[in-house]
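# Descriptive structure summary
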Amino acid sequence: MKRNFLFILILFLNANTMIGQKKTNHDLTCYANSLDVLEEVENDLFTVFSTNEKVTIAEELEVGEVVYEKMKEKHTIRTSGSDYDRVSEIMNALIKQISTFANPTSNENFSKYKPHYKIYIIESNEINAFTAGARIFVTTGIYNFCKSKDELACIIGHEICHNELGHIAEKIKKYKTASGYLGDELGAIANNIGSFLTQPFNQKNEGHCDLFGLDLARAAGYDACQNIQLWSRMNENNGEKDIFSIFSSHPYSGDRATCSKNHLKKNYNMNCNN
Ligand SMILES: [Zn+2]
C-alpha cells in the first residue's frame, strides 16, 4: 500500500514537472529528399558500430573549447562592443526559453547546457554561423546580412538547438567511432574535429534546428516570421556560394523558408506574409 502511494506520488511529481512545458510538432518530412536516404544508411552503420559509445557534456564542452582556441588562432574574435552586446542579449533571451519546452528528442542532456553557453563574433566576410560544445560563433558577414534582431534570433536559436537536440554529441560520437577512439585522449580528437564540426549537419538536423529555433525565438518575443525572409534572401543569393558557406552543402534554402512558414502556421496559427 505504502509502495503504491509512493509510486502515485512519484507519477504525480513527474507529471507536475511536465505541466506547462510546451510541445510543438516539428514536421521533418517537410525536408525529405534523396540525400537523407544516404544519411540514414550512414547513421545505421554508425549505430551498429557505436552502441556503447556515450558522449558526456564535459566531452562536448572540451571539444567546444578546442574549436574556440582554433578559431582564435585564425581569426579576430570579438567579445565586447555594441554588436557583441546585441548577440549576447539575444542568446540569453533564447536560452531562458529552452526549459519551457518539452524535450523534442531523446538527447538526455537537453536543457543542461544552459550555464555553459558562450557567444563570439568572428571577423569574417563569410556568411556563416556554427556551434560546438555550447559555444556559438557568428561571423560579421552573417551579422551584417541579418536585417534585424529577429533575424539574428532565428540564426542564434538555430545554433543553440544543435546542442540541445544532441547533434553535436552525435557528430562527436560518429567521429569517435570512425577514428576508432576508445581511450581518454579527447584532446587529440578535439584537435581534429574542428573542421568536422564547422560543416553543416544533415538536412533533417538542419530542419529540426530551424523549427525548434523558431519556437525559441517566438517564445522569447521575437518575430519568427522574419526567419522566412532570411531564408528567402539567402536563396536569392545562392549564386554566391563561396561566401554563403552556411548552406553550401544545402541547396534547400527554398524548402527551409517554406517549412518554417508551415511550422508557424500549424503550431501558432501565424500567417507570415513572405
Ligand atoms: Zn545548422
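Now for a quick tour of the structure.

Attention shifts here to the overall build of the chain. Across its full length, the chain holds 11 helices and 4 strands. Within the chain, buried positions represent 38% of all 274 residues. Put simply, of all contacts in the chain between residues at least 6 apart along the chain, 75% involve residues at least 24 apart.

Attention now goes to the sheet that holds strand E1 (residues 77–78). What holds strands together in a sheet is hydrogen bonding between their backbones, with the strands either parallel or antiparallel. Taken together, the 4 strands give an open sheet; going across it, the order is E1-E2-E4-E3, and neighbouring strands pair in mixed fashion. Looking at strand neighbours, the two that pair on one side only are E1 and strand E3 (129–132), the edges of this open sheet. Pairing of E1 with strand E2 (residues 118–122) involves 2 bridges; the strand directions are antiparallel. From the neighbouring strand, Arg-78 faces E2, where its bridge partner is Ile-121. Sitting on the sheet, helix H4 (residues 82–98) touches E1, E2 and strand E4 (135–139), and the angle it makes with E2 is about 145°.

The next subject is the nonpolar core. Met-91, Leu-94 and Ile-156 are the most contacted members of the largest nonpolar core, which has 53 residues in total. In terms of residues, this core owes the most to one element, helix H6 (residues 149–164), which gives 7 residues. Setting aside its immediate chain neighbours within four residues, Ile-156 contacts Val-87, Ile-90, Met-91, Leu-94 and Ile-136.

The terminal C-alpha atoms of helix H9 (residues 203–219), which comprises 17 residues, lie 24 Å apart, in line with the 24 Å expected from a rise of 1.5 Å per residue. Counted residue by residue, H9 has 16 buried out of 17 residues, so it is predominantly covered. Note on H9: the residue one or two positions beyond its end, Gly-221, has a positive phi of about 95°.

What counts and what doesn't
Residues numbered from 1 in each chain as written. Predicted model: local features only at pLDDT ≥ 70, side-chain atom pairs only at ≥ 80, totals over all residues. Helix = DSSP H or I, 4+ residues; strand = E, 2+ residues; numbered from the N terminus. Buried ≥ 20, exposed ≤ 12 C-beta atoms within 10 Å, placed from the backbone. Contact = placed C-beta atoms within 7 Å. Pairing = 2+ DSSP bridges. Axes fitted to C-alpha atoms, helices over the stretch in contact; angles between N-to-C directions. Core = buried A, V, L, I, M, F, W, Y, C linked by C-beta atoms within 7 Å. Expected span 1.5 Å × (residues − 1).

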